[in-house]
Amino acid sequence: MPLLLVLLGASAVTAQVRVTGSITDATTRKPVPGASVIIQRTRQGVVANFDGDFSISAANNDTLIFRAVGFKAQRMPLGGTGLSQLIVQIKLQQDTVQLGEVRVTEGRPDRAAINKALRNIKRPSTAPTSAVKRPPAPKPLFPVDSTAPKAPTPTLASPISLIYEQFSREGKQRQKMMEIQAQENAEKARKARQQYNKNFKDNRGYE
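Rules behind the numbers
- Residues numbered from 1 in each chain as written.
- Predicted model: local features only at pLDDT ≥ 70, side-chain atom pairs only at ≥ 80, totals over all residues.
- Heavy atoms only, no water.
- Pairing = 2+ DSSP bridges.
- Helix = DSSP H or I, 4+ residues; strand = E, 2+ residues; numbered from the N terminus.
- Contact = heavy atoms within 4.5 Å.
- Axes fitted to C-alpha atoms, helices over the stretch in contact; angles between N-to-C directions.
- Salt bridge = Lys/Arg side-chain N within 4 Å of Asp/Glu carboxyl O.
- Buried < 20%, exposed > 50% of the residue type's maximum accessible area, 1.4 Å probe, protein only.

Draft legend 1. Focus on the pairing of strand E6 (residues 74-77). Bridge count for strand E5 (residues 63-67) against E6 is 4 bridges, and the pairing is antiparallel. Opposite Thr63, over in E6, you have Pro77 as the bridge partner. In sequence, E5 turns back onto E6 through a hairpin of 6 residues, with Gly70 there showing a positive phi of about 90°.

Encoded structure:
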């Protein structure tokens, strides 16, 4: 009979407890989603949902640890409770982290060194890599004779140059070329006027 009582006592000590509840901020009373609930003995645990709710099974003699980023860790020993289910509300305290004073006294480059380093930085080209290259300038169909004699400037002081320009073969050729060029320019001007006059219904007097 005493042996039976000892076995019942041992089973009561190692009974499982279902712990459910919510985790909130003690200051703002808002839920803390993502908070972890860990069993200290086994290092196993669960994570609270978006509303801060959780549910975990542990032995009645375990200790639960509640942790969240920016909050102080909180422990809750179950204390060998004989209940099969517990509903708790955990309120975590915010953890304030104070940074120490930082001073830079040595090893800091001066302003001139910083500006020099910035000037030496090779900046990437702004031109697109797929830019289309322009074709080279077209070459003339016929070779240009750069040795041709230039037309003399006729003046009263040099009548010979005027006579040469009028009666020599080179002068006649130059005059012929000037006449052809003048005719081409006149034809271009006529076509331009004709093209321009197409935009008007009554263009009399502008031909």
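Draft legend 2. How the structure looks around the side chain of Ser22. Tracing the backbone through its elements, the reader meets Ser22 in strand E1 (residues 16-25). Those residues in contact with Ser22 that sit more than four places away from it in its chain are Gly52, Asp53, Phe54, Val88, Gln89 and Ile90.

Draft legend 3. Region of the structure containing the sheet that holds strand E4 (residues 53-59). Pairing in this open sheet of 3 strands is mixed, and the strands run E4-E1-E7 from one edge to the other. Strand pairing shows two members of the sheet lacking a second neighbour, E4 and strand E7 (85-92), which therefore form its edges. Strand-to-strand twist of the sheet, defined as the mean angle between neighbouring strand axes without regard to direction, takes the value 30°. Two strands pair when backbone bridges link them, and E1 and E4 are joined in this way by 7 bridges, in the antiparallel orientation. Note that in E4 the partner of Gly21 across the bridge is Phe54.

Draft legend 4. View of the pattern of salt bridges. Within the structure shown, the criterion is met by 2 salt bridges. Put simply, Asp62 and Arg41 hold a salt bridge, and the shortest N to O gap is 2.6 Å. Placement of Asp62 in the loop between E4 and E5 and of Arg41 in the loop between strand E2 (36-39) and strand E3 (45-47) is noted, with a sequence separation of 21 residues between them. Overall, the relative accessible area of 56% leaves Arg41 in the exposed class. We note a salt bridge from Arg190 to Glu187, for which the minimum N-O separation is 2.6 Å. Of the two residues, Arg190 and Glu187 are both situated in helix H4 (residues 169-197); the distance of 3 residues between them amounts to about one turn of the helix.

Spatial relationships are all this shows, so hold off on functional conclusions.
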